[in-house]
Amino acid sequence: MSDNTGTKVKGQSCRLPRKRFYRARAHSNPLSDSHFPIPICPAEFDYSHHYPYFFPSGGEDHKNGSASPRKVRFADIGCGFGGLLVSLSRLFPDTLMLGMELRDKVTEYVKERILALRASNPGQYENISVVRTNSMKYLPNYFGKAQLSKMFFLFPDPHFKEKNHRRRVISLQLLDEYAYALELGGIIYTMTDVEELGDWMRSCLEDHPLFEAVSEEELEADPVVKLLTSATEEGQKVARNGGQTFRAIFRRIKFEEE
Amino acid sequence: MEETAEFVSNAGEDSASVAAVTMDVDNGLIEDDKSKDAEVAPALIAVHPFEKSVAVAVGFELRLFDLEGNCSVSLVDDSGGPSHSDAIRAIKFGANGRLFASAGDDKLVKIWATNPWHCIRTVSAEKRVSAVAISHNGHYVAFADKFGLVWLIGLEGDNAKQSNNDKKAVMILGHYCSIITRLEFSPDDRFIASADRDFKIRVTVFPKQSLKGAHEIQSFCLGHTDFVSCLAFAYPSGCANGYLLSGSGDSTVRLWDFISGVLLATCEVGAKVGSLEPNGTEDAQSPISDLCASSDGSIIAVALQYSNRVALLSCDFSNGNLSVAKVVTLEENYFPTSLGSSSLSKCLWMVMGASNLPMPGSAQLPTRLRIISGLRKDPSDYHCHDPIILEDNEVPGGQKLLSELQGSLDVTKEEAALAAAAAAVKASMRNMMIKKEYTLERREMRKKNRNDRKIK
Ligand SMILES: C[S@@+](CC[C@H](N)C(=O)[O-])C[C@H]1O[C@@H](n2cnc3c(N)ncnc32)[C@H](O)[C@@H]1O
């Protein structure tokens, strides 16, 4: 299977794609509607297309002993150029992860990047993929209830103007959907270099009854936390410029009525 | 990070298409205000659960008839709030019939007591209102606005005291930027279901302290491939669980286990019933315009947008089977825009009409009311008992009721009026579809995904 991809890619784009060929608009409006296919429901999501190594067409998930089929467990929302996915892939080689990105060209870049990495590192990077979608509208089409164990919202577009706050990817209403997709104990990671947005994301999470803050000790011990700044393209840029970052990392908890 | 070297904006890159679909919040993201003039609201009907009264809304007019007293009802407004001044988009009786709610494009939600009829509260919404629901215990009225947000008004206890009309409703949940077409409480008030124009149905746990928000999503019922136009809960006797029924622009009615979100059955009503396209050709894709179900789900009536046929469905809940049991064909130009029934009778009330109707020489907006009687709890009875379309003189309340609820419909000009209403309704429905800029893509997607409709 991976041989196939290997020969097809060889000589052509085996080298990593270069970002400058994938220039894109600075920001997309998440309210604008779609021109891309969306699975009708999570069961329609084409796993063999995204993860052919784990789902060889026609066959069973041969990397999985248990009965229930493997599902995407990590979602990187607004994954940009995919740096985080690539790093996480090495850290959790058996966990399926999906990046969601609104911009077409950027999504294409990430696709090429993953294919090139798979081609030059046989057997690796098979657990990551990307879709072009508007996560704010279509998240439930990709993930069922309690399917995810981690969700990432790293350096999202800030939408400064008050009237545009509705476009922010973290809001009290959208957190309902994220809480739905996350399993109990699942973690939502948010980070930004914009202080006002950092405050906003934290207060949304604090106000939401289905999330609680993860303690500092736990964050120390979580290998993923370090990647938030070191592996994301945006995080690297902030670090280069000596900028500050603001993070809010919360856990999905059970709903308790007082 | 707002502007970065890498993210150079490039005029060549799909900026044209992006511009084309960039519908700003303030310009009415989902709703193009410019097209508002052309927009027509279908006439609506609601029947008191014990058939004490019946309400018809068309444009900003709310018409009521008292079936017990056999007289028209003049509406008293004690709420101190304004009256409806623009198209009413949703009307609903509470489960015990004591409350009634009306809401619409004038951003008003009016809550009425029905015995005697008077408005007890007028709440101003921020945006135009697209759906309302009353909790079965009568403690709450929920409504949805054009931004996809659902708001709650408390009527009991502390909330009732703040009965002044400026008291704003509380937002409890939201569909991200999709117009909500229907809201329904489950009969036990444990859940609230909301359906939208993006084929999504969300079932949310309705908490005890619901004014603090409804954040826990029980399920999404996903399977429709076009807008969802109607919803109904059904709790069949002898079944431990309830079910949800939904109708859609994809011409199907679907049956859901709403606890898990699992699709149990799909009935291709359009294909089974057949319907007329505006150009006179048969179209299997006619959207479902309304669905009306008895609380136990034994009677399910379905109306299609371009069809003068009403489908009566038969549902085997435990085996997940939904099929057309009987088709009732109405007169040629009759396309019901809304269906209603009480919890008592075996009658289906239908109305056809629309706001903004060009009706020269008529002060009131005409609507046409029809009743089908003889619905059966056991659909196999239809083998020997046909449902009957009542003649005007057989309608409860007779001519009095008709002249009250149909407005200035002159039966001698009936043909012309009906044709005009039908045309307006079609236009409005077509608007509803083309307002979405991606209808073409969606059509493609629908074609591609036709297999999914075979899912059982
Ligand atoms: C500033 S970038 C951050 C990228 C990446 N997370 C990183 O840290 O390097 C934000 C990304 O979110 C994407 N985005 C914005 N709204 C989105 C939405 N509704 N759905 C999916 N992606 C979205 C943008 O296209 C953009 O690529």
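Residues numbered from 1 in each chain as written. Chains lettered and ligands numbered in written order. Predicted model: local features only at pLDDT ≥ 70, side-chain atom pairs only at ≥ 80, totals over all residues. Heavy atoms only, no water.

Looking at the site of the ligand
Around the ligand, the structure places 19 residues, and the nearest of them are Gly78(A), Glu101(A), Arg103(A), Asn134(A) and Leu154(A). More than one chain approaches the ligand, the contributing ones being chains A and B. Within the contact set of the ligand, a nitrogen atom lies 3.2 Å away from a backbone nitrogen or oxygen of Leu102(A). Computed on the free molecule, the ligand has an accessible area of 600 Å², of which 96% lies beneath the protein chains in the complex. (Near = heavy atom within 4 Å. Polar contact = N/O pair within 3.5 Å; in protein donor to acceptor, adjacent residues only side chain to side chain. Areas by Shrake-Rupley, 256 points an atom, 1.4 Å probe, with all protein chains shown as cover.)

A few points about the sheet that holds strand β13 (residues 170–174) of chain B
Residue and element names in this part refer to chain B. The strand order across the open sheet built from 4 strands is β10-β11-β12-β13, with neighbouring strands paired in antiparallel fashion. Every other strand in the sheet has two partners, leaving β10 (129–134) and β13 as the edge strands with one partner each. If you compare each strand with its neighbour and ignore which way they point, the axes differ by 25° on average. With 5 bridges connecting them, strand β11 (residues 140–145) and strand β12 (residues 149–154) associate as antiparallel partners. If you follow Tyr 140 over to β12, its bridge partner there is Gly 154. (Pairing = 2+ DSSP bridges. Helix = DSSP H or I, 4+ residues; strand = E, 2+ residues; numbered from the N terminus. Axes fitted to C-alpha atoms, helices over the stretch in contact; angles between N-to-C directions.)

A few points about the UniProt feature "active site" (unreviewed entry) in chain A
Residues given the UniProt feature "active site" (unreviewed entry) here are Asp157(A). Its location among the elements puts Asp157(A) in the loop between β4 (148–154) and α6 (172–181). (UniProt positions renumbered as here; feature names shortened; annotations may be inferred.)

Describing unusual backbone geometry
Residue and element names in this part refer to chain B. In this structure, the amide linkage connecting Asn 115 to the following residue, Pro 116, adopts the cis form with an omega of -10°. Position of Pro 116 relative to the elements: it lies in the loop between β8 (108–114) and β9 (117–124). Its identity as a non-glycine residue notwithstanding, Glu 51 has a phi of 55°, on the positive side. By the secondary structure assignment, Glu 51 is in the loop between β1 (44–47) and β2 (53–58). A positive phi angle, near 65°, is found at Lys 107, a position not held by glycine.

Here's the deal with the UniProt feature "repeat: WD" (unreviewed entry) in chain B
All names here are of chain B. Using the residue numbers shown here, the UniProt feature "repeat: WD" (unreviewed entry) corresponds to residues 81–112 and 221–266. For residues 81–112, the helix share is 0%, the strand share is 53%, and the end-to-end C-alpha distance is 12 Å. Counting secondary structure, residues 221–266 comes out at 0% helix and 54% strand; the distance between its end C-alpha atoms is 12 Å.

Notes on the packing of helix α3 (residues 83–91) of chain A against helix α9 (residues 223–230) of chain A
Residues and elements named next belong to chain A. In the contact formed by α3 and α9, the axes pass within 10 Å of each other and the chain directions differ by 155°. The pairing of α3 with α9 is recorded here as roughly antiparallel in orientation. For the pair α3 and α9, the crossing hand works out as right-handed. Counted together, Leu 84, Ser 87, Leu 88 and Leu 91 of α3 and Pro 223, Val 224 and Leu 227 of α9 form the full contact between these two elements. Of the residues contributing to the contact of α3 with α9, the split by class is 6 nonpolar, 1 polar and no charged. (Parallel < 35°, antiparallel > 145°, perpendicular 65-115°, else oblique. Left-handed = near helix turned anticlockwise from the far one by under 90°. Contact = heavy atoms within 4.5 Å. Nonpolar A, V, L, I, M, F, W, Y, C, P; charged D, E, K, R; others polar.)

A word on the pattern of salt bridges
All chains considered together, the criterion is met by 27 salt bridges over all chains. Between Asp176(A) and Arg202(B) there is a salt bridge, and its shortest N-O distance comes to 2.9 Å. In this pair, Asp176(A) sits in helix α6 while Arg202(B) sits in strand β16 (residues 200–205), so the two residues belong to two different chains. The residues Asp176(A) and Arg202(B) share a single accessibility class, namely buried. Glu331(B) serves as the salt-bridge partner of Arg370(B), at 3.1 Å between the closest nitrogen and oxygen. One end of the pair, Arg370(B), is in strand β28 (residues 367–373); the other, Glu331(B), is in the loop between β25 (321–329) and β26 (338–340), and 39 residues separate them in sequence. When its relative accessible area of 10% is taken as the criterion, Arg370(B) is described as buried. For Glu331(B), a relative accessible area of 25% translates into the label partly exposed. Linked through salt bridges whose partners overlap, the residues forming this network are Glu331(B), Arg368(B), Arg370(B) and Asp392(B). (Salt bridge = Lys/Arg side-chain N within 4 Å of Asp/Glu carboxyl O. Buried < 20%, exposed > 50% of the residue type's maximum accessible area, 1.4 Å probe, protein only.)

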